[in-house]
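Fold and contact review
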Amino acid sequence: MIYRLLIFILLVTGTCFAQQQLQPQLVILAPYKTMVGKGLEKQVADYNTLSIVQQPPADSSDNSFEATLPPYLLSAVKSEYAFLKQVDIFKTIAVMSRQYLQYRFAEQLPNAIFILNNTLSDGSVNSLSRLATGNRFPFVLNFPTAELYREKNIMYAKIAVKLYDSTTRALVINKTYIGDWQNHGFEFGCTDSSIQCTINNALSQILPDVIAELTVRSPELKRQQHLREDAIAVLNNEYLQKGYNKDPLKNIIAFGDENIDLNICYHSLYNYDKTKFVAFFLQQVHQGDLKDILKKDRQVNIQTEVENAFPDTIPGNYAYVVFGVSYKGKWYYEKRNVTYFDGVDIAAARLRFFSQLLALNFFTADATTFNPDFWETGLFKKVEDLTKEPEWNENKNTVWNTEERENRPYLGMYDVVATRLKKEQADSIQKMEHRITDRYLVPILNKAAKPVGKTAGQQFDLEKVSMVYPSDLSRILCFVHEAEGQKQSTMIVLLLKDGPGFRAYEWTYLSQDKYRIKNQSTDFLDLVNTLIDWNFAWPALNSDLFWNKYVLARDGNSYKYLKELK
């Protein structure tokens, strides 16, 4: 799988070349000298045997993108294919390095390119210089030696690393790293006490150093950092320091909303016609305070540099964003990006949290001028039609289908509006279903439970009644499980509109072995879908075929599949 992933990344970065220069550019070499300690030969041999089985076939390369590449990059690509055709345990050092570096640089520098090369080097500056010049890549990552050994019954990997920078013609990393066999988790997690763990743990020390060096030497990252600093200065001087008017928020945020504290709001922004806003809230919290505060929030991003400390034991800042849109004379708003982070200086903390505007399309690309699209993207994006997406055909039979049906009534609305309307509808449906259960269904179930000396609440699980009905509520199918501890059979009741109330029937279309389910996990949706394609993303089942053919069908003057409950 790893080989397919690497080749895919290579294809993507390759096709991007015509658009802009790829950087940073790094050649990663296979280890020059490898050593296996006494007693580890079999483990290494077994690993290499498994690795050979998993390697790609000789014709894995795809030539469809080669015409877009300059000759030097094409040569590098072919070198990578050659590298991947035979990977042993020591070559995984280079393979994992390439994969991790590509992953870490993907967001800030999506066009960075890291190429594997079979050429071996002893790590001398002259050797690495020739490789950099020959490949026309400014950086070369070399592993002069790699050793696997056992000491005091613990396995280790010792890897020598040299990173060459052709601009300065010098080694910017020249160091040896050692990894043990314990699983330390996180991104370099591995099977504890395994030989692969030793390599992972060495790389967990190597690659952050490589990233740091590439970052400070990348012209593009330097440019981005300077631009970010300029943008933060603009946010501070032209927005945050100029103050704001809190009064409009008092008319927008519902009085008594326990999730939002207007007293800790420190800045807000509005669009030109005052129909949209975004506001920033921050409160400094101290030992023991955070746990109670966070009870109100389902998702919290916790950022702390204090090691081995539980967040509610250290002082810091609790912050969040509230944004909203006025729609048909009513405000719809949402609390989001709840964050807890370290910091004693409240002014610095406010600026740090306010700076998340940079990731929300607040400025135009590569500039510090306000982007009018801010009010139509990010927080203010609209519900889109999934059927217009290029990937619709391949995903229409997945969860996309449910999402598309659920979103259909809200196309073109702002997400924040649609989310609230969906919740209001769900709350309304829940209240209506509880009312129907209490008023009509419970009396019927009481009669069904009476022969066994129980009440409806004792015999049936009234909190898990599923219902399906058309928009006019002229008929309601109720799927009722027996309560936990019972034999877990299920009864399907039809409530058929009859004047101001309902007449009750047991639905018998599905055979006894299907609808008196012995398996508790079987739900109403599974049964309905044996007859018609439907799910709870639709607020109502308005199919005449379903109701007339499978539920209300008649045999003379009687219902064919309904047995009246009296």
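How each quantity is defined
- Residues numbered from 1 in each chain as written.
- Predicted model: local features only at pLDDT ≥ 70, side-chain atom pairs only at ≥ 80, totals over all residues.
- Heavy atoms only, no water.
- Core = buried A, V, L, I, M, F, W, Y, C linked by side-chain atoms within 4.5 Å.
- Buried < 20%, exposed > 50% of the residue type's maximum accessible area, 1.4 Å probe, protein only.
- Helix = DSSP H or I, 4+ residues; strand = E, 2+ residues; numbered from the N terminus.
- Contact = heavy atoms within 4.5 Å.
- Expected span 1.5 Å × (residues − 1).
- Salt bridge = Lys/Arg side-chain N within 4 Å of Asp/Glu carboxyl O.
- Phe/Tyr/Trp six-rings, centres within 6.5 Å; stacked < 30°, edge-to-face > 60°.
- Lys NZ or Arg CZ within 6 Å of the ring centre and 35° of its normal.
- Lys, Arg positive; Asp, Glu negative; His and termini not counted.
- Polar contact = N/O pair within 3.5 Å; in protein donor to acceptor, adjacent residues only side chain to side chain.
- Pairing = 2+ DSSP bridges.

**Notes on the nonpolar core**
The tendency in soluble globular proteins is for nonpolar side chains to be buried side by side. Membership of the largest hydrophobic core comes to 45 residues, with the highest contact counts inside it found for Leu26, Ile28, Leu101, Leu148 and Ile206. It is helix α6 (residues 195-217) that contributes the most residues to this core, nine residues altogether. Once you skip the residues sitting within four places of it in the chain, leucine 148 turns out to touch Met35, Val36, Gly37, Leu40, Val44, Ile89, Phe90, Tyr156, Ala157, Ile195, Thr198 and Ile199. Judged by nonpolar contacts, the second largest core, of 36 residues, contains Tyr332, Phe353, Met413 and Leu421.

**Focus: helix α4 (residues 91-105)**
At 3.6 residues per turn, the α-helix brings residues three or four places apart onto the same side. Over its 15 residues, α4 extends 22 Å from the first C-alpha to the last, a length consistent with the 21 Å expected when each residue adds 1.5 Å. By the criterion of burial, α4 is predominantly enclosed, with 12 of the 15 residues buried. For α4, every residue scored as buried is listed here: Lys91, Thr92, Ile93, Ala94, Val95, Met96, Ser97, Arg98, Tyr100, Leu101, Gln102 and Phe105.

**A word on the pattern of salt bridges**
Counted under the stated rule, the structure contains 15 salt bridges. Residues glutamate 424 and lysine 330 are paired through a salt bridge, measuring 3.1 Å at the closest nitrogen-oxygen approach. Taken together, the residues glutamate 424 in helix α13 (residues 415-449) and lysine 330 in strand β12 (residues 330-341) connect sequence positions 94 residues apart. On the basis of relative accessibility, which here comes to 32%, the residue glutamate 424 falls in the partly exposed class. A salt bridge links lysine 423 to aspartate 427; the shortest N-O distance between them is 3.0 Å. In this pair, lysine 423 and aspartate 427 are both assigned in helix α13, four residues apart and thus about one turn of the helix distant. Judged by its relative accessible area of 30%, aspartate 427 falls in the partly exposed class.

**Quick word on the packing of aromatic side chains**
Throughout the structure, instances matching the rule amount to 29 aromatic pairs. A ring pair is formed by tyrosine 149 and tyrosine 156, whose centres lie 5.5 Å apart and whose planes are at 20°; its orientation type is stacked. When its relative accessible area of 19% is taken as the criterion, tyrosine 156 is described as buried. Between tryptophan 375 and phenylalanine 380, the ring centres sit 5.1 Å apart and the planes meet at 55°, which makes this aromatic pair tilted. Under the relative-accessibility criterion, phenylalanine 380 is labelled buried at 1%. What links up through ring pairs into an aromatic cluster is the set Tyr239, Phe323, Phe362, Phe363, Phe370, Phe374, Trp375 and Phe380. Across from the ring centre of phenylalanine 502, 4.9 Å away, lies the NZ or CZ of lysine 497, which sits over that ring. Above the plane of the ring of tyrosine 559 lies arginine 554, whose end atom (NZ or CZ) is 4.2 Å from the centre.

**Some words on the side chain of lysine 91**
Relative to the helices and strands, lysine 91 is located in helix α4. Of the side chains with opposite charge, aspartate 88 comes closest to the buried, unpaired lysine 91, at an N-O distance of 6.5 Å. For lysine 91, the side chain forms a polar contact with the side chain of asparagine 118, separated by 2.7 Å. What lysine 91 contacts, discounting residues up to four positions off in sequence, is Ala30, Pro31, Phe83, Gln86 and Asn118.

**A look at the pairing of strand β14 (residues 475-481)**
With seven of seven residues buried, β14 is to be regarded as a mostly interior element. Neither face of β14 is left uncovered, since the one carrying Arg475, Leu477, Phe479 and His481 and the one carrying Ile476, Cys478 and Val480 both have all their residues buried. Two strands pair when backbone bridges link them, and strand β13 (residues 466-468) and β14 are joined in this way by three bridges, in the antiparallel orientation. Note that in β14 the partner of methionine 467 across the bridge is cysteine 478.

**Let's talk about the environment of lysine 276**
Mapped onto the secondary structure, lysine 276 falls in strand β9 (residues 276-285). Along the chain, lysine 276 and valine 325 lie 49 residues apart, while their C-alpha atoms are 4.5 Å from each other. Once you skip the residues sitting within four places of it in the chain, lysine 276 turns out to touch Leu269, Tyr270, Asn271, Gly324, Val325, Trp331, Trp375, Glu376, Phe380 and Tyr414. Here the side chain of lysine 276 touches tryptophan 375 through a polar contact of 3.0 Å, landing on its backbone oxygen. In terms of polar contacts, lysine 276 uses its side chain to reach the side chain of glutamate 376, at 2.5 Å.

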